[in-house]
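Spelled out, the chains give:
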Amino acid sequence: MSAVQIGNGERVGALYRDHRDWLTAWLNRSLGCPQRAEDLSQDTFVRVLGRRELPSLREPRAFLVTIARGLLVDHWRRLALEQAYLEELQLMPEAVQPSAQEHCLILADLREIDRLLGSLSARARSAFLLNRLDGLGHAEIAEHLGVSVSRVRQYIAQGLRQCYIALYGTPT
């Protein structure tokens, strides 16, 4: 472990002691669920701890809120995705609905796909989803996003790369 990482660990420890309760309360006001707030608070500090270098913090709470807000967005996006899946599932005849085990596996796959596509820019993600889910062509997507057709091709290629990684791992 490098000296920088050791110093960061001590600084993160102090940050945790001084601001964890405040951050958990802030998250709880947004979520209305103390357990989920606790989880996201811990995830925030894990992200901070994983940084190579911790910047000098004049406003530590603003720094923590920025990270926590990103985690909240991910949380709400996952919930919306799961809700959309459940709504579609209710439209299916009971005879063809997945078992409880299949249901859990499908939700896990959806979360993984969402995580991988979440690493794309908003435009790349939109272009990929408009193409793959809505069946729009490159020219239609380009017009919709206000970019060139060649840019749409690049965006879709980025999405396909993420799908490849999901299936086979990072190419060497």
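Being a predicted model, the structure only gives us computed values, none of them experimental.

Asker: How should I be thinking about the UniProt feature "domain: RNA polymerase sigma factor 70 region 4 type" (unreviewed entry) in the protein in this particular structure?
Answerer: In the UniProt entry, the feature "domain: RNA polymerase sigma factor 70 region 4 type" (unreviewed entry) is given for residues 111-163. The span residues 111-163 is 79% helical and 0% strand by assignment, and the distance between its end C-alpha atoms comes to 13 Å.

Asker: When you look at a nonpolar patch on the surface in this model, what are you seeing that I'm missing?
Answerer: A cluster of nonpolar side chains, namely Tyr164, Leu167 and Tyr168, defines an oily patch on the protein surface of about 390 Å² accessible area. Within the secondary structure, Tyr164 sits in helix 7 (residues 149-168). We classify Tyr164 as partly exposed; its relative accessible area is 40%.

Asker: Explain the confidence of the model for the protein here, please?
Answerer: Any region with low pLDDT has predicted coordinates that should not be read closely. The share of residues in the protein with pLDDT of 70 or more is 96%, and the mean pLDDT across the chain is 86. In this model residues 1-6 is a low-confidence stretch, pLDDT under 50, and it forms three contacts with partners more than four residues away in sequence or in other chains.

Asker: Where do I start with the layout of surface pockets in this structure?
Answerer: Which parts of space are left empty comes out when a probe the size of a water molecule is rolled across the atoms. Approximately 410 Å³ is the volume attributed to the largest pocket. In terms of lining residues, the largest pocket is bounded by 17 residues, among which Leu81, Ile113, Asp114, Leu117 and Leu129 are the most central. For the lining of the largest pocket, the secondary-structure elements that each account for two or more residues are helix 3 (60-91), helix 4 (100-118), helix 5 (122-132) and helix 7. Considered class by class, the residues forming the lining of the largest pocket number 13 nonpolar, one polar and three charged.

About the criteria used
- Numbering of residues begins from 1 in every chain and follows the order in which that chain's sequence is written.
- This being a predicted model, a pLDDT of at least 70 is required before a residue's local features are given, and a value of 80 or more before pairs of side-chain atoms are given or counted; all residues contribute to the totals for chains, interfaces and linings.
- To get the side-chain values, take all heavy atoms of the structure and skip hydrogens and water.
- UniProt positions are given in the numbering used here, feature names are shortened, and annotations may be inferred rather than shown by experiment.
- A run of DSSP states H or I qualifies as a helix once it reaches four residues; a run of E qualifies as a strand once it reaches two. Both are numbered from the N-terminal end.
- Nonpolar side chains (Val, Leu, Ile, Met, Phe, Trp, Tyr) are joined into patches within 5 Å and like charges within 9 Å, using only residues with over 30% relative accessible area and no salt bridge.
- What sets the accessible areas is the Shrake-Rupley method with a 1.4 Å probe; for residues, cover comes only from the shown protein chains.
- For salt bridges, the criterion is a side-chain nitrogen of Lys or Arg within 4 Å of an Asp or Glu carboxyl oxygen.
- Burial classes follow relative accessibility: with a 1.4 Å probe on protein chains only, a residue under 20% of its type's maximum area counts as buried, one over 50% as exposed, and anything between as partly exposed.
- Scored from 0 to 100, pLDDT records how confident the predictor is in each individual residue.
- Between two residues, a contact is recorded if the distance between any of their heavy atoms is within 4.5 Å.
- A 1.4 Å probe that fits into a set of points on a 1 Å grid over the protein atoms alone but cannot get out defines a cavity; an open set with protein on both sides within 12 Å along at least five of seven lines defines a pocket, and lining residues are those with an atom within 4 Å of a point.
- Grid points are joined across faces, edges and corners, and a volume is the space filled by probe spheres set on the points.
- Side-chain classes follow a simple rule in which Ala, Val, Leu, Ile, Met, Phe, Trp, Tyr, Cys and Pro form the nonpolar group, Asp, Glu, Lys and Arg form the charged group, and the remainder, Gly included, forms the polar group.

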